[in-house]
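# Secondary and tertiary structure notes
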Amino acid sequence: MIYNPIFEEEIESKTQLKKLKKEIKTRARNDNMKETIGRVYNLLQKKPALTIISIFHPILNLLKMTKTKEV
(Lines give C-alpha, C1' and ligand atoms only; values in the text may rest on other atoms or scores of the structure.)
Protein backbone atom coordinates (compact mmCIF):
# COMPACT_ATOMS: atom_id res chain seq x y z
CA MET A 1 0.00 0.00 0.00
CA ILE A 2 1.33 3.42 -1.00
CA TYR A 3 1.19 6.38 1.36
CA ASN A 4 -0.54 9.35 -0.22
CA PRO A 5 -0.53 12.61 1.77
CA ILE A 6 -3.16 14.14 -0.53
CA PHE A 7 -5.88 12.14 1.23
CA GLU A 8 -4.81 13.56 4.60
CA GLU A 9 -5.03 17.08 3.19
CA GLU A 10 -8.53 16.36 1.89
CA ILE A 11 -9.62 15.07 5.29
CA GLU A 12 -8.13 18.12 7.01
CA SER A 13 -9.82 20.50 4.59
CA LYS A 14 -13.17 18.74 5.09
CA THR A 15 -12.90 19.01 8.86
CA GLN A 16 -11.91 22.68 8.58
CA LEU A 17 -14.90 23.30 6.30
CA LYS A 18 -17.24 21.63 8.81
CA LYS A 19 -15.82 23.75 11.63
CA LEU A 20 -16.21 26.89 9.53
CA LYS A 21 -19.84 26.07 8.70
CA LYS A 22 -20.57 25.45 12.37
CA GLU A 23 -18.96 28.76 13.36
CA ILE A 24 -20.95 30.64 10.69
CA LYS A 25 -24.22 29.10 11.91
CA THR A 26 -23.39 29.94 15.52
CA ARG A 27 -22.50 33.52 14.67
CA ALA A 28 -25.67 33.97 12.61
CA ARG A 29 -27.79 32.53 15.45
CA ASN A 30 -26.14 34.87 17.97
CA ASP A 31 -26.65 37.89 15.70
CA ASN A 32 -30.32 37.02 15.24
CA MET A 33 -30.80 36.67 18.99
CA LYS A 34 -29.10 40.02 19.64
CA GLU A 35 -31.29 41.68 17.02
CA THR A 36 -34.46 40.16 18.46
CA ILE A 37 -33.54 41.14 22.01
CA GLY A 38 -32.77 44.67 20.79
CA ARG A 39 -36.18 44.95 19.14
CA VAL A 40 -37.99 43.72 22.24
CA TYR A 41 -36.01 46.15 24.38
CA ASN A 42 -36.92 49.05 22.08
CA LEU A 43 -40.57 48.06 22.24
CA LEU A 44 -40.39 47.86 26.03
CA GLN A 45 -39.01 51.38 26.10
CA LYS A 46 -41.62 52.80 23.72
CA LYS A 47 -44.73 50.89 24.85
CA PRO A 48 -44.05 48.88 28.00
CA ALA A 49 -47.61 47.87 28.85
CA LEU A 50 -48.51 46.64 25.38
CA THR A 51 -45.25 44.72 25.04
CA ILE A 52 -45.68 42.93 28.35
CA ILE A 53 -49.28 42.07 27.52
CA SER A 54 -48.30 40.75 24.09
CA ILE A 55 -45.60 38.56 25.64
CA PHE A 56 -47.91 37.02 28.24
CA HIS A 57 -51.04 36.80 26.07
CA PRO A 58 -50.20 33.39 24.47
CA ILE A 59 -49.31 31.96 27.88
CA LEU A 60 -52.60 33.11 29.37
CA ASN A 61 -54.55 31.68 26.43
CA LEU A 62 -52.80 28.36 26.88
CA LEU A 63 -53.68 28.30 30.56
CA LYS A 64 -57.33 29.09 29.77
CA MET A 65 -57.46 26.26 27.24
CA THR A 66 -56.04 23.72 29.68
CA LYS A 67 -58.52 24.76 32.39
CA THR A 68 -61.52 24.42 30.09
CA LYS A 69 -60.42 20.98 28.85
CA GLU A 70 -60.07 19.59 32.37
CA VAL A 71 -63.64 20.50 33.36
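On a predicted model such as this, the values are computed, not experimentally measured, just so you know.

What counts, and where the lines are drawn
- Residues numbered from 1 in each chain as written.
- Predicted model: local features only at pLDDT ≥ 70, side-chain atom pairs only at ≥ 80, totals over all residues.
- Heavy atoms only, no water.
- Helix = DSSP H or I, 4+ residues; strand = E, 2+ residues; numbered from the N terminus.
- Buried < 20%, exposed > 50% of the residue type's maximum accessible area, 1.4 Å probe, protein only.
- Areas by Shrake-Rupley, 256 points an atom, 1.4 Å probe, with all protein chains shown as cover.
- Salt bridge = Lys/Arg side-chain N within 4 Å of Asp/Glu carboxyl O.
- Patch = residues over 30% accessible without salt bridge, like charges linked within 9 Å, V, L, I, M, F, W, Y side chains within 5 Å.
- Lys, Arg positive; Asp, Glu negative; His and termini not counted.
- Charge placed at Lys NZ, Arg CZ, Asp CG, Glu CD.
- Contact = heavy atoms within 4.5 Å.

### Re the overall build of the chain
Counting its regular elements, the chain contains two helices and zero strands. Looking at the chain as a whole, 1% of its 71 residues qualify as buried. With the model as given, the accessible surface of the chain reaches about 7,300 Å², and the carbon-plus-sulfur share is 65%.

### A word on the pattern of salt bridges
Tallying each qualifying case throughout the model produces one salt bridge. A salt bridge links Glu35 to Arg39; the nearest nitrogen and oxygen atoms lie 2.9 Å apart. In this pair, Glu35 and Arg39 are both assigned in helix α1 (residues 5-46), four residues apart and thus about one turn of the helix distant. Judged by its relative accessible area of 42%, Glu35 falls in the partly exposed class. Judged by relative accessible area, Arg39 falls into the exposed class, the value being 56%.

### Quick look at a positive patch on the surface
On the surface, Lys14, Lys18, Lys21, Lys25 and Arg29 cluster together into a patch of positive charge. When its relative accessible area of 56% is taken as the criterion, Lys14 is described as exposed.

### Focus on the side chain of Thr51
Within the element layout of this structure, Thr51 appears in helix α2 (residues 48-70). Judged by relative accessible area, which is 7%, Thr51 ranks as buried. Ignoring sequence-local partners within four residues, the contact set of Thr51 consists of Val40, Leu43 and Leu44.

### A few points about a negative patch on the surface
A cluster of acidic side chains, namely Glu8, Glu9, Glu10 and Glu12, defines a negative patch on the protein surface. Note on placement: Glu9 falls in helix α1. On the accessibility criterion, Glu9 (53% relative accessible area) is exposed.

### So, a nonpolar patch on the surface
The grouping of Val40, Leu44, Ile52, Ile55, Phe56, Ile59, Leu60 and Leu63 at the surface amounts to a nonpolar patch, some 670 Å² of accessible area in total. Residue assignment for the nonpolar patch shows that the elements contributing at least two residues are α1 and α2. Given a relative accessible area of 45%, Phe56 falls into the partly exposed group.

Nothing here speaks to function; it is all geometry.
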